[in-house]
Amino acid sequence: QVQLVESGGGLVQAGGSLRLYCTASGSIFSINAMGWYRQAPEKQRELVAVLTSGGSTSYGDSVKGRFTISRDNAKNTVFLQMNSLKSEDTDVYYCNAEGVVAGTLAHFNSWGQGTQVTVSS
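Residues numbered from 1 in each chain as written. Predicted model: local features only at pLDDT ≥ 70, side-chain atom pairs only at ≥ 80, totals over all residues. Heavy atoms only, no water.

## Describing the overall build of the protein
Counting its regular elements, the protein contains zero helices and eleven strands. Secondary structure elements of the protein, listed N to C terminal, follow the sequence β-β-β-β-β-β-β-β-β-β-β. Taking 14 Å as the expected radius of gyration for a compact globule of 121 residues, we find that the protein reaches 14 Å, a close match to that expectation. Its C-alpha atoms put the protein at 50 × 25 × 20 Å along the principal axes. (Helix = DSSP H or I, 4+ residues; strand = E, 2+ residues; numbered from the N terminus. Rg over C-alpha atoms; globule rule 2.2 N^0.38 Å.)

## Considerations on the state of the cysteines
What the rule picks out here adds up to one disulfide. Here Cys-22 connects covalently by a disulfide to Cys-95, the sulfurs 2.0 Å from one another. On the sign convention where negative is left-handed, the bridge of Cys-22 and Cys-95, at about -85 degrees about the S-S bond, is left-handed. One end of the pair, Cys-22, is in strand β3 (residues 18-26); the other, Cys-95, is in strand β9 (residues 91-101), and 73 residues separate them in sequence. Taking relative accessible area as the criterion, Cys-22 reaches 0% and is therefore assigned buried. Taking relative accessible area as the criterion, Cys-95 reaches 0% and is therefore assigned buried. (Disulfide = S-S within 2.5 Å. Buried < 20%, exposed > 50% of the residue type's maximum accessible area, 1.4 Å probe, protein only.)

## Focus: the environment of Gly-35
Turning to its location among the elements, Gly-35 is positioned in strand β4 (residues 28-39). The exposure class assigned to Gly-35 is buried, which follows from its relative accessible area of 0%. A C-alpha to C-alpha distance of 21 Å links Gly-35 and Leu-11, two positions 24 residues apart in sequence. Among residues more than four places away in sequence, those in contact with Gly-35 are Ala-49, Val-50, Ile-69, Tyr-94, Cys-95 and Asn-96. (Contact = heavy atoms within 4.5 Å.)

## Quick word on the nonpolar core
Ranked by size, the top nonpolar core spans 28 residues in total, and within it Met-34, Trp-36, Val-48, Phe-67, Leu-80, Met-82 and Tyr-93 carry the most contacts. Counting residues per element, the ones that place at least two in this core are β1 (2-7), β3, β4, β5 (46-52), β7 (67-72), β8 (77-82), β9 and β11 (115-120). Excluding residues within four positions of it along the chain, Tyr-93 makes contact with Glu-6, Leu-20, Trp-36, Tyr-37, Arg-38, Val-48, Phe-67, Leu-80, Met-82, Gly-114, Thr-115 and Val-117. (Core = buried A, V, L, I, M, F, W, Y, C linked by side-chain atoms within 4.5 Å.)

## Points about the pattern of salt bridges
Across all of its chains, the model carries five salt bridges by this definition. For Arg-38, the salt bridge goes to Glu-46, with nearest N and O atoms at 2.7 Å. Residues joined in a network through salt bridges with shared partners are Arg-38, Glu-46, Arg-66, Asp-89 and Asp-91. (Salt bridge = Lys/Arg side-chain N within 4 Å of Asp/Glu carboxyl O.)

## Considerations on the sheet that holds β7
Pairing is antiparallel across the open sheet formed by four strands, whose spatial order is β1-β3-β8-β7. Looking at strand neighbours, the two that pair on one side only are β1 and β7, the edges of this open sheet. Taking each pair of neighbouring strands and ignoring which way they run, the sheet shows an average axis angle of 15 degrees. Both β1 and β3 contribute to a ladder of six bridges, which runs antiparallel. When the sheet's bridge partners are listed, Val-2 is paired in β3 with Gly-26. (Pairing = 2+ DSSP bridges. Axes fitted to C-alpha atoms, helices over the stretch in contact; angles between N-to-C directions.)

## Notes on the packing of aromatic side chains
Here the structure, examined in full by the defined rule, presents two aromatic pairs. Note on Tyr-21 and Phe-79: the rings are 5.7 Å apart at their centroids and 85 degrees apart in plane angle, and the pair reads as edge-to-face. A residue pair is termed long-range when its members are at least 10 positions apart, and Tyr-21 in strand β3 and Phe-79 in strand β8 qualify at 58 residues. On the basis of relative accessible area, Phe-79 is assigned to the buried category, the value being 15%. Centroid distance Tyr-37 to Trp-111: 5.2 Å. Interplanar angle 65 degrees. Geometry classified as edge-to-face. (Phe/Tyr/Trp six-rings, centres within 6.5 Å; stacked < 30°, edge-to-face > 60°.)

Laid out in structure tokens, this is it:
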């Protein structure tokens, strides 16, 4: 009922920047939090950054000071500005949104399809 569409991944040289975008659509009553996670093959998915509706942010230790998460509440869109990229940032990045479905008021926790970020050294 709630779909997430990501964009903005790609190939960039080490030290460069990328901006990821994720828009939520569907039967949305409210969104409590939106964020980004990443996962390399055969590794667990890890937190990159999350932003709550109240404006609180959390970042993974490896990206603090380099990545910034922001959100356009009116458009149900979250952005991830990634600066000073390193080769170890190479991963598939997944958008996540958690909130309440319109009508049923059921909780939802949805994931995007993932977008590849590759940083060449």
